[in-house]
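Breakdown of the fold
Letter by letter, the chains look like this.
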Amino acid sequence: MNRTTKNLAEGWRFWFGTKEGEGKEVSVPHDWVIDAPFVRDPRESSQGFRVRRGKGWYERTISVKKKENTRFFLDFGGIYEQSSVFVNGQYAGGRRYGYSSFRLDVTDLVKDGENQITVEVDCTVTPTDRWYAGAGIYRTVRWIETGAQYLDEREITVKTTFPEGNYTLAEVAVNTHTGAEVSGILSYGKECWETESM
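The structure reproduced in this document is the subject of the present report.

About the cut-offs
Residues numbered from 1 in each chain as written. Predicted model: local features only at pLDDT ≥ 70, side-chain atom pairs only at ≥ 80, totals over all residues. Heavy atoms only, no water. Helix = DSSP H or I, 4+ residues; strand = E, 2+ residues; numbered from the N terminus. Buried < 20%, exposed > 50% of the residue type's maximum accessible area, 1.4 Å probe, protein only. Contact = heavy atoms within 4.5 Å. Patch = residues over 30% accessible without salt bridge, like charges linked within 9 Å, V, L, I, M, F, W, Y side chains within 5 Å. Areas by Shrake-Rupley, 256 points an atom, 1.4 Å probe, with all protein chains shown as cover. Salt bridge = Lys/Arg side-chain N within 4 Å of Asp/Glu carboxyl O. Pairing = 2+ DSSP bridges. Axes fitted to C-alpha atoms, helices over the stretch in contact; angles between N-to-C directions.

**Section: the overall build of the chain**
Across its full length, the chain carries 0 helices and 16 strands. Counting the 198 residues in the chain, one finds 37% classified as buried. If you take every contact in the chain between residues at least 6 apart in sequence, the share linking residues at least 24 apart comes to 64%.

**Examining a nonpolar patch on the surface**
A contiguous nonpolar patch, built from Ile156, Val158 and Val172 and spanning about 230 Å² of accessible area, is present on the exposed surface. Mapped onto the secondary structure, Val158 falls in strand E13 (residues 157-161).

**So, the pattern of salt bridges**
All told, the structure shown has 8 salt bridges when counted by the stated rule. Its salt-bridge partner being Lys19, residue Glu59 comes within 3.1 Å of it at the nearest N-O pair. Residue Glu59 is found in strand E4 (residues 54-64), and its partner Lys19 is found in the loop between strand E2 (12-16) and strand E3 (24-26); the two are separated by 40 residues along the sequence. Residue Lys19 is classed as partly exposed on the basis of its relative accessible area, which comes to 39%. A salt bridge links Asp75 to Arg103; the nearest nitrogen and oxygen atoms lie 2.8 Å apart. Of this pair, Asp75 sits in strand E5 (residues 70-76) while Arg103 is found in strand E9 (residues 102-105), placing the two residues 28 residues apart along the sequence. On the basis of relative accessible area, Arg103 is assigned to the buried category, the value being 15%. What emerges from the salt-bridge pattern is a single network uniting Asp75, Arg103 and Arg142.

**Structural notes on the sheet that holds strand E10 (residues 113-123)**
Taken in spatial order, the 6 strands line up as E3-E2-E4-E10-E7-E8 in an open sheet, and their pairing is antiparallel. At either margin of the open sheet sits one strand with a lone partner, and together these are E3 and strand E8 (90-95). Averaged over neighbouring strand pairs, the angle between their axes works out to 25 degrees when direction is ignored.

**Quick word on the sheet that holds strand E1 (residues 4-7)**
A sheet is described by the order of its strands in space; here 4 strands give the open sequence E1-E12-E5-E9, paired in antiparallel fashion. Bordering the open sheet on either side are E1 and E9, each of which pairs with just one other strand. Each strand axis lies, on average, 20 degrees off the axis of its neighbour in the sheet, ignoring direction. Pairing geometry for E5 and strand E12 (residues 141-147), over 7 bridges, is antiparallel. Note that in E12 the partner of Phe76 across the bridge is Val141.

Structure follows, in structure tokens:
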């Protein structure tokens, strides 16, 4: 199966403070501080004197066709901060630190048909950063579908060596961290070489 990736920018609803009512329609990336009221509170000086403290919730649905030997992932570019992600009401994972991307394997939580994704963001921790950080899902969210065996681009490493310091010859070693045989093509300009099994 080929990998498919879908950008989940649209179709989100957002609540701040309490998760009551229908929420507000938003697209991500989204920063709830931008729309927050101005306050004369020294604790918020690094945030442009806008209210950021509190909890926010994001929610949307995605239609999924479950297939045999298929894995499903949610990929978050960044959530500030202390995030918890739920799929169909079940905890999938999260990240305390707000500046790191992360990916969750949600295969076992997904059902055939409509699936609900809920992201809780907790910005109650003090002190805040010394610079403007904003709050919420402030980077992209992607839905990724792969086969049972797949390459994770974050795990692939490439090492180039030059035997005996000869820069006209190079050995390129690629580690895919899959434990499976992988073949590929190495190209440079108009020249291509078939790789050996890795």
